[in-house]
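# Structural characterization, general
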There are 2 protein chains.
Amino acid sequence: MPPMSKKIHAVLDKIVPVSSGKLKQAKKHFDSLTKPLGSLGRLEEWGIRYVAIAGTSFQKVEKKCVYLFSGDHGVVEEKVSAYPQEVTAQMVKIFLSGGAAINVLARHMQTEVVVVDMGVNHDFKNIPGLIHRKIARGTDNMRRGPAMTRHQAEQAIVAGMELADAAKKQKIDILGAGDMGIGNTSPSSAIISVLGEVPPNKTTGFGTGIDKKSWEHKVAVIEDAIRVNQPDPQDPIDVLAKVGGFEIAGIVGLILGSSANQIPIVIDGVISIAAAVIASKLNKNVQDYLFTSHKSSEPGCETGFQILQQKPLLDLGMRLGEGTGAVIAMNLLEAGAKIYSEMATFENAGVSQKNRG
Amino acid sequence: MPPMSKKIHAVLDKIVPVSSGKLKQAKKHFDSLTKPLGSLGRLEEWGIRYVAIAGTSFQKVEKKCVYLFSGDHGVVEEKVSAYPQEVTAQMVKIFLSGGAAINVLARHMQTEVVVVDMGVNHDFKNIPGLIHRKIARGTDNMRRGPAMTRHQAEQAIVAGMELADAAKKQKIDILGAGDMGIGNTSPSSAIISVLGEVPPNKTTGFGTGIDKKSWEHKVAVIEDAIRVNQPDPQDPIDVLAKVGGFEIAGIVGLILGSSANQIPIVIDGVISIAAAVIASKLNKNVQDYLFTSHKSSEPGCETGFQILQQKPLLDLGMRLGEGTGAVIAMNLLEAGAKIYSEMATFENAGVSQKNRG
């Protein structure tokens, strides 16, 4: 592994696989519940993994929280997005006022939303409720050179790790990752292309709604960014620094930190999938703590799922980001966990078992 | 349409299409919200339809309720199920005590569960909480003759319709349909085969968990039932009576009644899909009020969705019944509705619109 800060090293060392004994124990209990074996499908699959992480004496999910990492992108100079950059800061303010899609869905799913400024091109001053972890006012244009310095990328990862540590102290049971950043499907596609060894025209989509011609331009910009920066696929932090973004790095840190703290983490669409790919290349064990919420319409998701060896829970045709897919899936992860702790067993309910022979 | 009771006729006459003007109005509002157009995918699609049904002045979903229709099946004599018939009554008792999967999920999703005995082969006496609408103690064996008389089928439909009327009086905003009945995937496959004109080997699955050999036997039993009874595909109530079941008929009535009362109704797996197919053949307009929650592993679902011209919201590999898929989707339908009433618009939030040109 190439050199990196001691803090990141220490966290990577703490990420251990989920115990296969606990997975077996959890599965055994699910199999004793009053339902045909395996008949709750993926809800059970997630429930088993949740219980193996939380411990088989698990009783109740008390707190769910989604971290919404925000950052701006120098590459918007290249006109890769349908919206102007100022929308990132405007949306951050809406998140804080409670009127965005993520706020509505998170309230509905009893999930807290924490908004983090990782690198928005705006001075929010002392606006209440915002977590200030700004590394810089937006990345540099990756078509012309590296988006961040390696130091900046590591700083942003450490910020995310520290938020996971804070979540542990606050006894948060399920974490979610969301993103906001005009232009951020471009760095996400770039990361997935480099680490998945798939050309950008296979990982690039229509983002918030560009047309075919703009899509061809976007692909060319991503190809240029990779050619100009030559990110090293053997060095995930190099890839993140050169063609990533501050909010993506924050999510990388949150995934690493939650895995080290053994908190299940639900990721959202293509931006957090790109972050998960980086985290998983840094330590494959994160896959045990990671839950992929949904398949968005961005084509990079597919390559990402293959690398992460995961199947998304949902396919609702969503492509909004903000953690909107994550909060829906977090609620279903909690549902799977409740099946474990609240359902009657065949034995205690006196129900006849399946016919034998 | 063949002759049927006046009550059913009157309800069928009341089912009108959802107003295209209201659908347009609802969509217009969704398009003004602070998100890229259509970026909430199916959540929006369902939200638009919900608001068009509930009215564009819609504010809040107050009550969600799933009706769990239970009944037994004479065809279990033919050993088509992995579980003994007594499990139907045992599970009804667990539903009433709150320990089944549907209870756990419904509590999690703030949804009331109402258990209805449509025809369980057990005397529940005055057990608290159960709605008694028993037509008979189980259907007759459809392999030997009609499962029900036409009169019984109509009685069961009327029972479901009356529950929808009661739901309207109780101001329930979203209804769900669930089922319990050992052996009930067999009549469901039979119904879908007859009305979808697809052979039983294409609509029959492994139910609660039979093996390949038992599956072949189950297909043969369903083929026999269709051959012996010759249900008339032009007469949906004839099909229901000859190869259906009491709980299926109850769900048919609930779907008709909720559509007539303009209450959105979310259906579950293959059993309620079979019921929806009958309802839809009686009056196609029910499709406007119907929301298909999930694709279960039963192959009959696919044919059912084609007839209903719907795409299921979820595919979680679930095959439990009880309304477990429905309650999850009901919660997402409510989420879509809340997006409409709680989210900020571009105008009132002062967010920049998409770049033009």
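Values in this document were obtained by computation on a predicted structure and should not be read as measured data.

What follows concerns the overall build of chain A. Regarding its fold elements, chain A presents 15 helices and 6 strands. In terms of overall size, chain A behaves like a compact globule, its C-alpha atoms giving a radius of gyration of 20 Å where 357 residues would be expected to give roughly 21 Å. About 12800 Å² of surface is accessible on chain A, with carbon and sulfur atoms providing 50% of the total. A distance of 4 Å separates the average location of the 40 positive side-chain charges in chain A from that of its 36 negative side-chain charges.

Of the residues lining the interface, 57 residues belong to chain A; the matching set on chain B comes to 57 residues. When the buried surface of chain A facing chain B is broken down by residue, A:Tyr83, A:His108 and A:Leu316 rank first, second and third, together holding 14% of it. At the surface where chain A touches chain B, the tally comes to 2 salt bridges. At the junction of chain A with chain B, the criterion picks out 18 residue pairs in polar contact (both at pLDDT 80 or more). At the level of secondary structure, the elements contributing two or more residues to the side of chain A that touches chain B comprise helix 3 (41-54), helix 4 (86-97), helix 5 (101-108), helix 14 (324-342) and helix 15 (346-349) of chain A. Tallying contributions element by element places helix 14 of chain A first for the side of chain A that touches chain B, with 9 residues. For the side of chain A that touches chain B, the per-class residue count stands at 29 nonpolar, 18 polar and 10 charged.

In this section: the sheet that holds strand 3 (residues 130-132) of chain B. All names here are of chain B. Taken together, 6 strands build an open sheet; the order of strands is 3-2-1-4-5-6 and the sheet is parallel. Strands at the two margins of the open sheet, each flanked by one partner only, are strand 3 and strand 6 (290-292). Each neighbouring strand pair of the sheet contributes to a mean axis angle of 30 degrees, computed without reference to strand direction. Of the pairings in the sheet, the one linking strand 1 (residues 64-71) to strand 4 (residues 174-180) comprises 7 bridges and is parallel in character. Bridge pairing links Phe-69 to Asp-179 in strand 4. This element, helix 12 (residues 270-282), spans strand 4, strand 5 (265-267) and strand 6 of the sheet and lies at about 125 degrees to strand 5.

Turning our attention to the packing of aromatic side chains. Residues and elements named next belong to chain A. Scanning all chains against the criterion turns up 10 aromatic pairs over all chains. Plain terms: the ring middles of Trp-46 and Phe-291 are 5.0 Å apart, the flat faces sit at 70 degrees to each other, and that makes the pair edge-to-face. With Trp-46 in helix 3 and Phe-291 in strand 6 (residues 290-292), this pair connects stretches of sequence that are 245 residues apart. Comparing Trp-46 with Phe-291 shows no difference in burial state: the two are buried.

What follows is about the environment of A:Thr34. Position of A:Thr34 among the secondary structure elements: in the loop between helix 2 (20-31) and helix 3. In this structure, the C-alpha to C-alpha distance between A:Thr34 and A:Phe346, residues 312 residues apart in sequence, is 5.0 Å. If sequence neighbours within four positions are ignored, A:Thr34 has contacts with A:Met343, A:Ala344, A:Thr345, A:Phe346, A:Ala349, A:Val351, B:Met91, B:Ile94 and B:Gly99.

Time to look at the pattern of salt bridges. Residue and element names in this part refer to chain A. Applying the stated rule across the entire model yields 36 salt bridges over all chains. Residue Glu-78 pairs with Arg-144 through a salt bridge whose shortest N-O separation is 3.1 Å. Of the two residues, Glu-78 sits in the loop between strand 1 (64-71) and helix 4 while Arg-144 sits in the loop between strand 3 (130-132) and helix 6 (150-169), which places them 66 residues apart along the sequence. Classification of Glu-78 by relative accessible area gives buried; the value is 9%.

To continue, consider the domain arrangement of chain A. All names here are of chain A. Looking at chain A, the domain boundaries give domain 1 (6-58 + 341-349) and domain 2 (64-333). One C-alpha centre belongs to domain 1, the other to domain 2; they are set 27 Å apart. Listed by partner, the interface residues are 15 residues for domain 1 and 33 residues for domain 2. Counting each side, the surface lost to burial between domain 1 and domain 2 is near 2200 Å², with a carbon and sulfur contribution of 68%. Of all residues in domain 1, the largest losses of buried area upon contact with domain 2 belong to Ile-8, Ile-15 and Trp-46, amounting jointly to 32% of the total for that side. Here domain 1 and domain 2 share 1 salt bridge between them. Among the ionic pairs, Glu-162 bridges to Lys-7, the shortest N-O distance being 3.5 Å.

With that settled, the discussion passes to the relation of the copies chain A and chain B. Each copy of the sequence occupies a distinct position, and chain A is placed on chain B by a rotation of 180 degrees and an axial shift of 0.0 Å, giving an RMSD of 0.0 Å. Such a turn and shift between the copies fits a two-fold axis. Relative to the rotation axis, the C-alpha of A:Leu314 is the closest in chain A, positioned 3.3 Å from it. Of the residues that chain A buries at the interface, 100% are likewise interface residues in chain B, meaning the two copies contact each other through the same surface.

The biggest cluster of nonpolar side chains holds 270 residues, and the ones touching the most others in it are A:Tyr67, A:Leu256, B:Tyr67 and B:Leu256. B:Tyr67 has contacts with B:Val114, B:Val116, B:Leu163, B:Ala167, B:Ile172, B:Leu175, B:Gly176, B:Ala177, B:Gly178 and B:Leu254, leaving out every residue within four places of it along the chain.

Moving on to the pairing of strand 1 of chain B. Residues and elements named next belong to chain B. In terms of burial, strand 1 is a largely internal element, 8 of the 8 residues being buried. As paired elements, strand 1 and strand 2 (residues 112-119) share 7 bridges and run parallel to each other. Its bridge partner lying in strand 2, Ser-70 is registered against Asp-117.

Parameters at a glance
- Sequence order as written defines residue numbering, which begins from 1 separately in each chain.
- To label them, take the chains in the order written and letter them from A, then take the ligands in the order written and number them from 1.
- Where totals are concerned, whole chains, interfaces and linings use all residues; where local detail is concerned, this predicted model gives features only for residues with pLDDT of at least 70, and gives and counts side-chain atom pairs only at 80 or more.
- Side-chain numbers come from the whole structure's heavy atoms, not from hydrogens or water.
- Working definition: helices are DSSP H or I runs of at least four residues, strands are E runs of at least two. Numbering for both runs from the N terminus.
- Just to be clear, the radius of gyration here is over C-alpha atoms, and the globule rule we use is 2.2 Å times residues to the power 0.38.
- Values of accessible area rely on a 1.4 Å probe in the Shrake-Rupley scheme; residue burial ignores everything except the protein chains shown.
- His is not counted, nor are the chain ends; Lys and Arg add positive charge and Asp and Glu add negative charge.
- Taken as the charge centre is NZ of Lys, CZ of Arg, CG of Asp or CD of Glu, depending on the residue.
- Any pair of residues with heavy atoms lying within 4.5 Å of one another is described as a contacting pair.
- Note on terms: buried area is the combined drop in 1.4 Å-probe accessible area of two parts once they are placed together, counting the loss on both.
- The salt bridge criterion pairs a side-chain nitrogen of Lys or Arg with a carboxyl oxygen of Asp or Glu, the two atoms within 4 Å.
- Whenever a nitrogen or oxygen atom comes within 3.5 Å of another N or O atom, the pair is scored as a polar contact, on the condition that within protein one atom can donate a hydrogen and the other can accept it, and that pairs from neighbouring residues in sequence are kept only if both atoms are in side chains.
- Each residue is assigned to one class: nonpolar for Ala, Val, Leu, Ile, Met, Phe, Trp, Tyr, Cys and Pro, charged for Asp, Glu, Lys and Arg, and polar for all the others, Gly among them.
- Any two strands with at least two DSSP-identified bridges between them are counted as paired.
- Axis definition: a line fitted to C-alpha atoms, limited for helices to the stretch in contact. Angles are taken between N-to-C directions and run from 0 to 180 degrees.
- Ring pairs shown here join Phe, Tyr and Trp side chains whose ring centres sit within 6.5 Å, with only the six-membered ring taken for Trp; geometry is labelled stacked below 30 degrees between planes, edge-to-face above 60, and tilted in between.
- Only protein chains enter the accessibility calculation, which uses a 1.4 Å probe. A residue is then buried if its area is under 20% of the maximum for its type, exposed if over 50%, and partly exposed in between.
- Boundaries of every domain are those given by an automatic assignment or by a domain database.
- Here the copies are superposed with least squares, the fitted atoms being C-alpha atoms of residues at a pLDDT of at least 70 in both.
- Throughout, nonpolar core names a set of buried Ala, Val, Leu, Ile, Met, Phe, Trp, Tyr and Cys residues whose side chains join them through atoms within 4.5 Å.

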